[in-house]
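Listed here are the chains, written in short residue letters.
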Amino acid sequence: MDFEPLSIGNEVVEFAVVDSPSEDDDDGPVERSASSGAGDSSGPDGDPSLEPYEGMEFDSEQAARIFYNSYARRIGFGTRVSVYQRSRRDGSIICRQVVCSREGFRRGGSEGKAKRRRTVTRVGCKAQMTVKKQSSGKWAVSKFVREHNHELVPPDKVHRLRSHRHVSGPARSLIDTLQAAGMGPSGVMSVLIKESGGVNNVGFTKIDCQNYMSSSRQRTLGSGGQLVFDYLKQRQAADPDFFCAVQGDFDNLAGNIFWADVNSRKNYAYFGDTVNFDTTYRMNRYRVPFAPFTGWNHHGQPVLFGCALLLNESESSFIWLFQTWLDAMSGNHPVSITTDQDRIIRSAVAQVLPGTCHRFCRWNVLREAQEKLSDVYCSHPNFEAEFQRCVNITETVEEFELCWESLLERYGLRNNEWIQLMHNARQKWVPVFLRDTFFGEMSITQGSDSINSYFDGYINASTSIQVLIRQYEKAIAIRRKKEIKSDYETLNTAPVLKTPSPMEKQAANVYTRRIFKKFQEELVETLAYPATIVKDMESEAVYRVAKFGEDHKAHFVKVDVFRKKACCSCQMFEFSGITCRHILAAFRVRNVLTLPPHYILKRWTRNAKSESLLDDYMVGFPSSPQESFTARHENLCREAIRYIEDGAESIHSYTVAMDALQIAAEKVAVSKKHGFGLEQKTVINGCQSQSRCTEQDEKIKELSSELANASLQCEEYQRKVLAVLKDIEEQKLKILVKVQNMRLNLKG
């Protein structure tokens, strides 16, 4: 029987989290966001001041829930997840309803049973938002009810509502430390209030703190732990490539555990350039401290790199975990890793992965901002929107710094300790500082919004240790089916081309379907992005690229003329591995008709998981340009096109180019003739005397010398051609000056 995380019908979700009721709360805990980054709470347009409306779209169901909860916090009510609908085809959730926490009525108890009287909090409120999954993969609002039948909670009390409070990761670390020192709940809360600058900034109540401290003392795997250990031992015995490690004794049920199956380890070999380490359990009160390592496959789908059960959250435990995970992945460090901003995790990453770019999950930071700046959020409704625009929308470091300073000045935050702390760490979470590093996301503003999407819908706050393994296996099986389906669609269906461009046809044959669609979108957009040259030198050119009618939003593209390499100020290629519209617009001006090999990352291609790790054309970084016929052909074509363009500029340059070409053709013919002859003699007469081999060696040296001389002559002819072109450009400039002077004289 499959585990169902939520119930259907008149029942609403009630997570098994111990908590005492409060006069300001519901009679049962409300589901927290199941992901630390499942979607921005700001809605599809990045504007948190929006009100939900029918047709409003989100990247995921979790993003919709987070947005509605953020909206509820501003308005003054709590939320609760209600009914849902599953797909009959694959069992995935396709419809979800989020309601006001005062929706419905409490059931009447059994007659004759003594029961403590509880405050009536359910009053049949109809306010709700329903979202449905679309064929595009996005989630859209299908129903929204705005009106409430009860009074709303004032801003200074809204932080007490159950859906707006949680014990964050940093708070948990501090509580663990104080609890280990023998401090009780009252003392711990006093410290937290002082550290946060007031009780309203703590983000949870004393009862929440007490519940966490109580559960912390019982954080062992219990009887279900034996099931996990038995499962891991069974997998390890059946498959020698199954990796499993325990911090301490394998028979100690209170130890930290890490495991990775053979597919996780293979996936890391293909897609281990960027990694997400998800610790959602720390902030959402999961019953099981389950922490997976994930990434993105060649279809842009979540892929698993291993899992951990963390019963100890000390710095030494995280260091052990990262080192163990790295050992399982053959010691290969990723380019980038995304985690929450906890101090202990930050320190562990710095020690184990010193050369890896460490990014904080931006969603976590924005969520923490709601807690630390709750007074500002309540007294200034527009602050949240402005704050998120400053973080997400600014395109340059200078623009971000000016916007940040403006916020500090307008809202009196210059002396706020949390603001100062996050500004000091801005290089680790603000998008504009991270654009030069690969994170494998389709857009820079996507952030780490889907960090936990691999197990979304399978493992959540109500999952017990007894059902963890079953849900883990189920999630892996379904993810694998989705990848196979995407592979089939890529290999057996042809995409619809929107232009006659050879580059688009090339991309359609190389990329997976989803990546091609993203590339196609960038290519089509170049029609509205004219590229204007602002600097033109012999080996380098700089273009100004802006959308028609939006000249104030220009990007600059620097092009290496000979190598056909370009870098854009938007840095989309560096961040996502997909060539941006600005570089493509510059290539169009320079008549670059196909995508150069170094702009095709193998991890995004249909052959990303091929066993050959050196596919010159796909990877774009061959170990030697002579090793592959494809690479040799591509290099010669590229040089020939440039040679033709230079030689056709004038009659003089044409004559020089033809003479050089004739000499080069003769040399190549001689090399080809003698080269094949030598190879054949080596095969047929391989057992002849040593003197014959020596003669062949001498002949090879002689031909090699001739080839070297021919190359030098070609380079000399090339220099002459360039000199002629330079003279032509100077003559053009003189003529243009004369024409301009004549026009001025005519006007005068």
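Calculation criteria
- Residues numbered from 1 in each chain as written.
- Predicted model: local features only at pLDDT ≥ 70, side-chain atom pairs only at ≥ 80, totals over all residues.
- Heavy atoms only, no water.
- Pairing = 2+ DSSP bridges.
- Helix = DSSP H or I, 4+ residues; strand = E, 2+ residues; numbered from the N terminus.
- Axes fitted to C-alpha atoms, helices over the stretch in contact; angles between N-to-C directions.
- Contact = heavy atoms within 4.5 Å.
- pLDDT = per-residue confidence, 0-100.
- Salt bridge = Lys/Arg side-chain N within 4 Å of Asp/Glu carboxyl O.
- Expected span 1.5 Å × (residues − 1).
- Buried < 20%, exposed > 50% of the residue type's maximum accessible area, 1.4 Å probe, protein only.
- Polar contact = N/O pair within 3.5 Å; in protein donor to acceptor, adjacent residues only side chain to side chain.
- Core = buried A, V, L, I, M, F, W, Y, C linked by side-chain atoms within 4.5 Å.
- Disulfide = S-S within 2.5 Å.
- Patch = residues over 30% accessible without salt bridge, like charges linked within 9 Å, V, L, I, M, F, W, Y side chains within 5 Å.
- Areas by Shrake-Rupley, 256 points an atom, 1.4 Å probe, with all protein chains shown as cover.
- Lys, Arg positive; Asp, Glu negative; His and termini not counted.
- Charge placed at Lys NZ, Arg CZ, Asp CG, Glu CD.
- Phe/Tyr/Trp six-rings, centres within 6.5 Å; stacked < 30°, edge-to-face > 60°.

Draft legend 1. Representation of the sheet that holds strand β12 (residues 357-360) in the model. Spatially, β6-β7-β10-β9-β8-β11-β12 is the arrangement adopted by the seven strands of the open sheet, whose pairing is mixed. Single-partner strands in this sheet number two, and they are β6 (243-246) and β12. For this sheet the average axis-to-axis angle between neighbouring strands, irrespective of direction, equals 20°. Relative to strand β7 (residues 257-260), β6 is paired through four bridges, and the arrangement is antiparallel. Note that in β7 the partner of cysteine 244 across the bridge is tryptophan 259. Sheet strands in contact with helix α6 (residues 262-271) are β6, β7, β8 (274-277), β9 (290-296) and β10 (302-309), and its direction is about 125° off that of β10.

Draft legend 2. Here's a closer look at the sheet that holds strand β16 (residues 565-568). Spatially, the four strands line up as an open sheet ordered β13-β14-β15-β16, and their pairing is antiparallel. What marks the edges here is a single partner per strand, and that holds for β13 (531-536) and β16. Taking each pair of neighbouring strands and ignoring which way they run, the sheet shows an average axis angle of 25°. Bridge count for β13 against strand β14 (residues 540-545) is five bridges, and the pairing is antiparallel. The residue of β14 that forms the bridge with isoleucine 533 is tyrosine 543.

Draft legend 3. Geometry of the confidence of the model for the protein chain. For the protein chain, mean pLDDT is 78; residues scoring 70 or higher make up 77% of the total. Counted against residues more than four places away or in other chains, residues 1-46, with its pLDDT under 50, gives 165 contacts. Below pLDDT 50 for its whole length, residues 675-693 participates in eight contacts with residues either more than four positions away or in separate chains.

Draft legend 4. Just the pattern of salt bridges, in detail. As enumerated under the stated definition, the model contains 21 salt bridges in all. With a shortest N-O distance of 2.8 Å, arginine 426 and glutamate 401 are connected by a salt bridge. You can see arginine 426 sitting in the loop between α14 (417-424) and α15 (465-492) and its partner glutamate 401 sitting in helix α13 (residues 397-411), a full 25 residues away along the chain. A salt bridge links arginine 563 to aspartate 560, with the nearest nitrogen and oxygen atoms 3.1 Å apart.

Draft legend 5. Spotlight on helix α8 (residues 315-328). Its 14 residues give α8 an end-to-end C-alpha distance of 20 Å, which sits within 8% of 20 Å, the value for a rise of 1.5 Å per residue. Residues of α8 that are buried include every one of Ser317, Phe318, Trp320, Leu321, Phe322, Thr324, Trp325, Leu326 and Ala328, and no others. Of the residues flanking the end of α8, it is serine 330, one or two places downstream, whose phi is positive at about 65°.

Draft legend 6. Broad picture of the side chain of arginine 65. In this structure, arginine 65 sits in helix α1 (residues 61-75). Exposure remark for arginine 65: the relative accessible area of 7% places this residue in the buried category. A distance of 2.7 Å separates the side chain of arginine 65 from the side chain of glutamate 61, its partner in a polar contact.

Draft legend 7. Spotlight on the nonpolar core. Ranked by size, the top nonpolar core spans 37 residues in total, and within it Tyr511, Phe519, Val557, Ile583, Leu595 and Trp604 carry the most contacts. Secondary structure elements with two or more residues in this core: α16 (502-510), α17 (513-525), β14, β15 (555-560), β16, α18 (572-576) and α19 (581-589). With five residues, the top contributor of residues to this core is α19. Sequence-distant contacts of valine 557, defined by excluding residues within four places in its chain, comprise Ala541, Val542, Tyr543, Val545, Ala566, Cys567, Cys568, His582, Ile583 and Ala586. In terms of nonpolar packing, the next biggest core, distinct from the first, is built from 32 residues, Phe243, Ala260, Phe318 and Trp320 among them.

Draft legend 8. Fine view of the state of the cysteines. Tallied over the full model, the rule gives zero disulfides. Cysteine 100 provides the cysteine sulfur closest to cysteine 125, a residue in no disulfide bond, and the two sulfurs are 3.9 Å apart. Taking relative accessible area as the criterion, cysteine 125 reaches 1% and is therefore assigned buried.

Draft legend 9. Structural context of a positive patch on the surface. The grouping of Arg89, Lys133, Lys482 and Lys485 at the surface amounts to a positive patch. Along the chain, lysine 133 turns up in strand β4 (residues 128-133). Looking at lysine 133, the relative accessible area reads 36%, which means it is partly exposed.

Draft legend 10. Broad picture of the packing of aromatic side chains. Taken as a whole and assessed by the stated rule, the structure comprises 33 aromatic pairs. Ring geometry for phenylalanine 258 and phenylalanine 293: centres 6.1 Å apart, planes at 85°, overall edge-to-face. In this pair, phenylalanine 258 sits in strand β7 while phenylalanine 293 sits in strand β9, placing the two residues 35 residues apart along the sequence. Take phenylalanine 258: its relative accessible area is 0%, and that puts it in the buried class. Owing to a relative accessible area of 0%, phenylalanine 293 belongs among the buried residues under this scheme. Centroid distance phenylalanine 277 to phenylalanine 318: 6.4 Å. Interplanar angle 85°. Geometry classified as edge-to-face.

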